[in-house]
Amino acid sequence: MRGQPPVLCYHRIGGPLELGVTRVGRSVFARQMTALARAGWRTMTLREFAAGVQRADVPTGNVFLLTFDDGYASLAGSAYPILADLGFIATTFLITDYVGKVNTWDVQYTWSRLQHLSWPQIEQWRARGFEFASHGASHRRLTWLDDAAIETELRGARETLTARLGAEAGRAIAYPFGAVDARVLRLARNAGYELGFAGVKGSGEPLCRSRVPVYFWDRGDVPFGIRTDALGSLGRFIAHAANRCAVGTTVMQRLTQRISPPPESVADA
């Protein structure tokens, strides 16, 4: 975490309960963001974060990069309005093949499949200052793919985003499951990405920056990824361990996707 502002990674805010660990209750999220705002923290844009990385110049003051992975539709009702009221913004990393569709890419942790943001919702919140970037085309673990498949995931997602949202949306990628190695970094760079986010233990180079996931047990007013005390260190270690355990999700994906129907589309309106 040294040499960069804190980067938090949420997934789902509110909505139905799940058997997994990524859901954070709406009231918990609201309390955390409100506490940070009252303590004088402010959120950064990707451009601000990238500029600091390139200059090796850490911005001063209480600043952090707030991110969401996957782009669930519940963000539009349960997270974005809270942030807008506080004067905060966030970057959401989208799975481009699943925009406006349900999450058949994932193991089913809830009773019903979950909806992803649609393009009109994305464009609405982008107009209010929120940012969107790449989480790959179909949320496959890149380190398990061959070069051609990795390139398809990286370039396909970036081309979709830049065509729909402009060049800024192709600046950054959050690697699915935080899984990245030297080969993925090389291909991400070749695909045109300037900034990349891995797990808790990123290497520190621009395409492999650290992020701390916020899971359901992270319920304090100040998330572990921002704390600088022993509890913060313990929380980051636990988050790293939980992220490593996500390899089981990839295995289950391979089994279930063989029998799953294609994702259900919804209208863009």
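Predicted, not measured: the structure shown is a model, and the values here were computed from it.

> Is there a simple way to explain the overall build of the chain in this structure?
Tallying secondary structure elements over the chain gives nine helices and ten strands in all. Relative to its 269 residues, the chain shows a buried fraction of 52%. A separation of at least 24 residues holds for 67% of the contacts in the chain among residues at least 6 apart in sequence. Here the chain has roughly 11900 Å² of accessible surface; of this, 53% comes from carbon and sulfur atoms.

> Teacher, can you tell me more about the packing of aromatic side chains here?
Two numbers describe a pair of aromatic rings. These are the distance of the centres and the angle of the planes. If you walk through the whole model with that rule in mind, you get 14 aromatic pairs. Relative to Phe68, the ring of Phe29 has its centre 5.9 Å away and its plane inclined at 55°; by these criteria the two rings are tilted. Of the two residues, Phe29 is situated in helix α1 (residues 26–38) and Phe68 in strand β5 (residues 63–70); the sequence distance between them amounts to 39 residues. Across the pair, exposure class does not vary: Phe29 and Phe68 are buried alike. Measuring from ring centre to ring centre gives 5.8 Å for Phe64 and Phe88, while their planes differ by 80°; the resulting arrangement is edge-to-face. Placement of Phe64 in strand β5 and of Phe88 in the loop between α4 (80–86) and β6 (91–94) is noted, with a sequence separation of 24 residues between them. Ring pairing ties together the aromatic residues Tyr10, Phe29, Phe68, Tyr80, Trp125, Phe130 and Phe132, which thus form one cluster. In this structure, Arg141 is placed above the aromatic ring of Trp144, and the distance from its NZ or CZ to the ring centre is 5.5 Å. Against the face of Tyr193 rests Arg158, its NZ or CZ located 6.0 Å from the ring centre.

> Even after reading the chapter, I still don't get helix α6 (residues 147–165), so can you show me in this structure?
Each full turn of the α-helix corresponds to 3.6 residues, which orients residues three or four apart in the same direction. Between its first and last C-alpha, α6 extends 27 Å over 19 residues, near the 27 Å set by a 1.5 Å rise per residue. The complete set of buried residues in α6 reads Ala149, Ile150, Glu153, Leu154, Ala157, Leu161 and Leu165. What you see down the axis of α6 is that its buried residues fit within an arc of 135°, all on one side. Seen from the buried face of α6, the exposed residues on the opposite side, beyond 90 degrees, are Thr152, Glu159 and Ala163. Backbone geometry just after α6 places Gly166 at a positive phi near 100°.

> What is the right way to look at helix α5 (residues 119–126) in this model?
Within α5 the residues assigned to the buried category are Trp119, Ile122 and Trp125. Considered in projection along α5, the buried side chains sweep an arc of 135° and stay on one side of the axis. Along its buried surface, α5 packs onto α3 (75–78), α4, β6, β7 (131–134) and α6.

> Which parts of the structure should I look at to understand the pairing of strand β1 (residues 7–10)?
Of the two faces of β1, both are covered, the one formed by Val7 and Cys9 as well as the one formed by Leu8 and Tyr10. Where β1 meets β5, four bridges bridge the pair, whose relative direction is parallel. Within β5, the residue paired with Leu8 across the bridge is Leu66. Two elements, β1 and strand β10 (residues 212–213), share two bridges in a ladder whose sense is parallel. From the neighbouring strand, Cys9 faces β10, where its bridge partner is Pro213.

Rules used throughout
- Residues numbered from 1 in each chain as written.
- Predicted model: local features only at pLDDT ≥ 70, side-chain atom pairs only at ≥ 80, totals over all residues.
- Heavy atoms only, no water.
- Helix = DSSP H or I, 4+ residues; strand = E, 2+ residues; numbered from the N terminus.
- Buried < 20%, exposed > 50% of the residue type's maximum accessible area, 1.4 Å probe, protein only.
- Contact = heavy atoms within 4.5 Å.
- Areas by Shrake-Rupley, 256 points an atom, 1.4 Å probe, with all protein chains shown as cover.
- Phe/Tyr/Trp six-rings, centres within 6.5 Å; stacked < 30°, edge-to-face > 60°.
- Lys NZ or Arg CZ within 6 Å of the ring centre and 35° of its normal.
- Expected span 1.5 Å × (residues − 1).
- Arc of directions from axis to C-beta.
- Pairing = 2+ DSSP bridges.

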